[in-house]
Amino acid sequence: MAEVNQYHNKGGFKQTLQETSSAYLHSSTTSSGKFIFDSNGIIIDIGSQGAELVGCHEENLLGHPLGEFIEGNDKDTFYTHYRKVFDTGVPQTCSVKMMHRLGMSFHVKLESTPVTDSTGNQLCRTQVTDISGRKRIAEEMLEKEIEFKKAQRIAGLGSFRVNFKTGVQDWSDQLFSLLGVEVGEVSTTYVSYMEFVHPDDRDRMNYESRETLNGHQNLDIEYRIIRKDGETRHFHTQAELDFDTDGSPLWIYGFSQDITERKQAEVDIKHKNNELMTFINSITDLAWFKDINSNFVVVNKAFGNAVGMNPEYLANNTCEICFGKEAAEQFKKDDAKVLESRKQIVFEESIVDCDGNKIWLETIKTPIFDESGEASGTIGVARNINDRKKFEDDINKFKFFSDNSNDAHFLIGKDAKFQYANKTACRMFGYSEDEFLTLSVPDVDDVYDVSKCRELFDLIQLEPVPPFETINRRKDGTVFPSEITVTGYHIEGINYTFAALRDTTERKKDLEKAFRVNQLAAIGELAAGVAHEVNNPINGIINYAQILENRSEPLSREWDICNRIIKEGDRIAYIVSSLLSFARESSEEKTSTNICDIITSTLDLINTPLRKDNIRVDVRMSSHAIIVSGKPEQIRQVFLNIISNARYALNHKYPSGNDNKILAINCEERSDNGCSIIQIVFHDMGTGIPEGILNKVVNPFFTSKPGQEGTGLGLSISQSIVSEHGGALSIQSVEGEFTKVIVELPVEVN
């Protein structure tokens, strides 16, 4: 810095600098700047353009080394440059990267010249030129040249050019490679190139080349060449002329491409097309290929025969040429639907053949796509379904009558597959019609397997088969009995089994009910006879035992025996009295009574023992009167028996108190097939009833209570009473969990 000040303090230096360098420092363009620095690289003067290059004011640069503005990797190059200027006294040039104050770097060219001031001090005058643009252009050109060569190599292209005025002829490196020679191994002349052209193609090549040179056409030719290694390859060459201002040929530019693989692919494609057409024409169904405009591209012989036209004639035409405008428009809409959905779609279509006959077709149309995924057309295959349509018409007629039947109707094939099921069958089994068509008989029948079905199928084609019973399974897994009538059925020469199935659940219930009524009647008659025969003797036994007890010493052995005889006699008398209820008609008349009052009075009778056993009763019933026609005492007897059984079950499960020791009674009015009924549900969480005896608990003399705790007549009598009142008694139970006894009685119509 001291040296800089020394220079500036010398008036002679200033005057000399101004005289010799003023024009130099301020004569550059915006892309150039001028600097003067001493042998230490310190800037002692600078032009305004130089300051702009690095983004600083002139006064801020004075006294600073120029090397501060050189990018780090190029500092050594810069210092070597300016030392050579001082050491050799000869002007020097170099290229480095400079740094802008804001951190941006740019390429510059340094042109430095040694100078001497008026006092003899050695200085360096340097012009700094921004060459970033030239560098970028040069790099881009080099990059594009590399890319161009790479593209030629990838595409198998070799280029050439000829200048007719200078005689310059150039081949690209790739053209040498295509010919199988090294770069420069042969001269880049037309004559040299023709030596590689196959002898059989040279005359044609010469003729096409002359036509191009005469300006008649651009060169566009395919031919063969023989490479240096003797291999024959197929080439495609294209070239264009470039003319001078006077119309004379100046340049010819062209390229040659090795198309051997393409030519082989064309041969292979042609061969495959022939194979494909052979295959398509072997299809007996109508087959075709259309473009996106619904124009035929290819049709097979079967299609041509159907419409009475040559398949080749149909190419590039629409359906209108063979089916008329209206049909063609519909087919075009179908094609558009397939293209839009990008999915295969099945259509049923009708056409009129060349003989004027209407033909029903099942047509499968499939969209096809090009390599980019865009739809390029549709493929169609159509099959004659006239027989199937006639079959469907017959089935529809059959269905019209079948669907109005109360029985389930089926058509079954020899393989036991369902071909048809009417609406009643669908309701009865819980399947839709489509679901039925996927099933076979063993799927819904617990008795008949496929082999039995086939035996039955063969039998009914020969002779009638009487109705028989089987067990069927619904979709939800429940089963029901049925009676089936089967017969042979024929449609279009095909044999089927026609089956009419009737649900016999209700009929079996009616039979069981009738059997039950007869059973109770028989028991009643038996009970009446037994009661009369037993009643008198047992009364005598009880009376004699009572006399003996009165004569015995209280609590003596004799007194105890007599007491036991009396208790057992009373028990026999109670059983006889219960049996008589089966045999005699009650004299009590039926009256209109509120069922809620009967429930309340029944609970009043048994409330004390229930409370003693810590059984909580939860009663829910209507606030308004629900009137039934009946015998109140008998209905009360039914309720009392059910509550007593619930009390027994709860006490055995919970000997002491428990939160679940509850008897819930729910009284609810409901509608059943348009008739009002009252449903009373007695629900206890007691011991429940084992599944194996659930259907036996209403049988006379059946009891699950041990010893002498029950007669087995309570539920039997209760069921008889409820039936006599036009109602029903049912039981639901799970062992160890709960029991529900449901009593339903008809509500009296006002």
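Procedures and definitions
- Just so you know, the residues in each chain are numbered from 1, in the order the chain's sequence is written.
- In keeping with the predicted nature of the model, local features appear solely for residues at pLDDT of at least 70, side-chain atom pairs appear and are counted solely at 80 or more, and the whole-chain, interface and lining totals rest on all residues.
- Excluding hydrogens and water, the side-chain figures rest on all heavy atoms present in the structure.
- Patch membership is restricted to residues that have no salt bridge and whose relative accessible area is over 30%. Joining uses 9 Å for like charges and 5 Å for the nonpolar side chains Val, Leu, Ile, Met, Phe, Trp and Tyr.
- Using a 1.4 Å probe, accessible areas were evaluated by the Shrake-Rupley method; residue-level cover was limited to the displayed protein chains.
- Salt bridges are counted wherever a side-chain nitrogen of Lys or Arg sits within 4 Å of a carboxyl oxygen of Asp or Glu.
- Numbering of helices and strands runs from the N terminus; a helix is a DSSP stretch of H or I covering at least four residues, while a strand is a stretch of E covering at least two.
- Pairing of aromatic side chains here covers Phe, Tyr and the six-membered ring of Trp, requires ring centres within 6.5 Å, and sorts the geometry by plane angle: under 30 degrees stacked, over 60 edge-to-face, intermediate tilted.
- Buried, partly exposed and exposed residues are distinguished by accessible area as a fraction of the type maximum, computed with a 1.4 Å probe on protein chains only: under 20%, between the cut-offs, and over 50%, respectively.
- To define a nonpolar core, start from buried Ala, Val, Leu, Ile, Met, Phe, Trp, Tyr and Cys residues and group those joined through side-chain atoms within 4.5 Å.
- In what follows, a contact means two residues having at least one pair of non-hydrogen atoms within 4.5 Å.
- Lines fitted to C-alpha atoms define the axes here, with helix axes fitted over just the stretch in contact, and angles between the N-to-C directions of these axes take values from 0 to 180 degrees.
- Angle categories: roughly parallel below 35 degrees, roughly antiparallel above 145, roughly perpendicular from 65 to 115, and oblique for all the rest.
- In this scheme the crossing of two helices becomes right-handed for a clockwise turn of the near helix relative to the far one and left-handed for an anticlockwise turn of less than a right angle.
- Only strands that DSSP links by at least two bridges are regarded as paired with each other.
- Here a polar contact is taken to be a pair of N or O atoms separated by no more than 3.5 Å, where protein atoms must pair a possible hydrogen donor with a possible acceptor and residues adjacent in sequence count only if both atoms sit in side chains.

Draft legend 1. Up close: a nonpolar patch on the surface. A cluster of nonpolar side chains, namely Val 447, Ile 471 and Val 479, defines an oily patch on the protein surface of about 210 Å² accessible area. With respect to the secondary-structure elements, Val 447 resides in the loop between helix 18 (441-444) and helix 19 (450-460).

Draft legend 2. Up close: the packing of aromatic side chains. Within the structure shown, the criterion is met by 24 aromatic pairs. A ring pair is formed by Tyr 489 and Phe 498, whose centres lie 6.2 Å apart and whose planes are at 40°; its orientation type is tilted. For Phe 498, a relative accessible area of 16% puts it in the buried group. Taking 5.4 Å as the distance between ring centres and 50° as the angle between the ring planes, the aromatic pair formed by Phe 639 and Phe 682 counts as tilted. Here Phe 639, found in helix 23 (residues 632-653), pairs with Phe 682, found in strand 25 (residues 675-684); they are 43 residues apart in sequence, far enough to count as distant.

Draft legend 3. Molecular detail of the nonpolar core. Counting residues in each nonpolar core, the largest one holds 37 residues, and the members touching the most others are Ile 595, Phe 639, Ile 678, Ile 680 and Phe 682. Looking at this core, the elements that each hand over two or more residues are helix 22 (595-612), helix 23, strand 24 (662-672), strand 25, helix 24 (714-724), strand 26 (728-734) and strand 27 (738-746). Leaving out residues up to four positions away in the same chain, Phe 639 has contacts with Ile 595, Ile 598, Ile 599, Thr 602, Ile 680, Phe 682 and Val 743. Core analysis: the next-biggest nonpolar cluster, separate from the first, contains 26 residues, Ile 412, Ala 425, Leu 456 and Val 465 among them.

Draft legend 4. Broad picture of the packing of helix 22 against helix 23. Relative to each other, helix 22 and helix 23 sit at 40°, their axes nearing to 9 Å. When the axis of helix 22 is compared with that of helix 23, the two are oblique. For the pair helix 22 and helix 23, the sense of crossing is right-handed. Contacts between helix 22 and helix 23 involve Ile 595, Ile 598, Ile 599, Ser 601, Thr 602, Leu 603, Leu 605, Ile 606, Pro 609 and Leu 610 on the former and, on the latter, Pro 632, Ile 635, Arg 636, Phe 639, Leu 640, Ile 643, Ser 644 and Arg 647.

Draft legend 5. Quick look at the sheet that holds strand 27. Spatially, the five strands line up as an open sheet ordered 22-24-25-27-26, and their pairing is mixed. Strands with a single pairing partner mark the edges of an open sheet, and in this sheet they are strand 22 (616-620) and strand 26. In this sheet, neighbouring strand axes are inclined to one another by 15° on average, regardless of whether the strands run parallel or antiparallel. Alignment of strand 25 against strand 27, held across eight bridges, turns out to be antiparallel. Of the residues in strand 27, the one forming a bridge with Ile 677 is Pro 746. Packing of helix 24 onto the sheet brings it into contact with strand 26 and strand 27, and relative to strand 26 it is tilted by some 140°.

Draft legend 6. Inspection of the sheet that holds strand 1 (residues 32-37) at higher detail. Pairing within the open sheet is antiparallel, and its five strands lie in the order 2-1-5-4-3. Among the strands making up the open sheet, the edge pair consists of strand 2 (43-46) and strand 3 (92-99). Each strand axis lies, on average, 30° off the axis of its neighbour in the sheet, ignoring direction. One ladder, built from six bridges, connects strand 1 with strand 5 (residues 122-130); its direction is antiparallel. Each bridged residue has a counterpart across the sheet, and for Ser 32 the counterpart in strand 5 is Thr 129.

Draft legend 7. Representation of the environment of Arg 383 within the structure. With respect to the helices, strands and loops of the structure, Arg 383 is situated in strand 15 (residues 375-384). According to the relative accessible area criterion, Arg 383 is partly exposed, its value standing at 48%. Taking the C-alpha atoms as reference, Arg 383 lies 6.5 Å from Thr 363; in sequence the two are 20 residues apart. Among the polar contacts listed, one links the side chain of Arg 383 to the side chain of Asp 285, at a separation of 2.9 Å.

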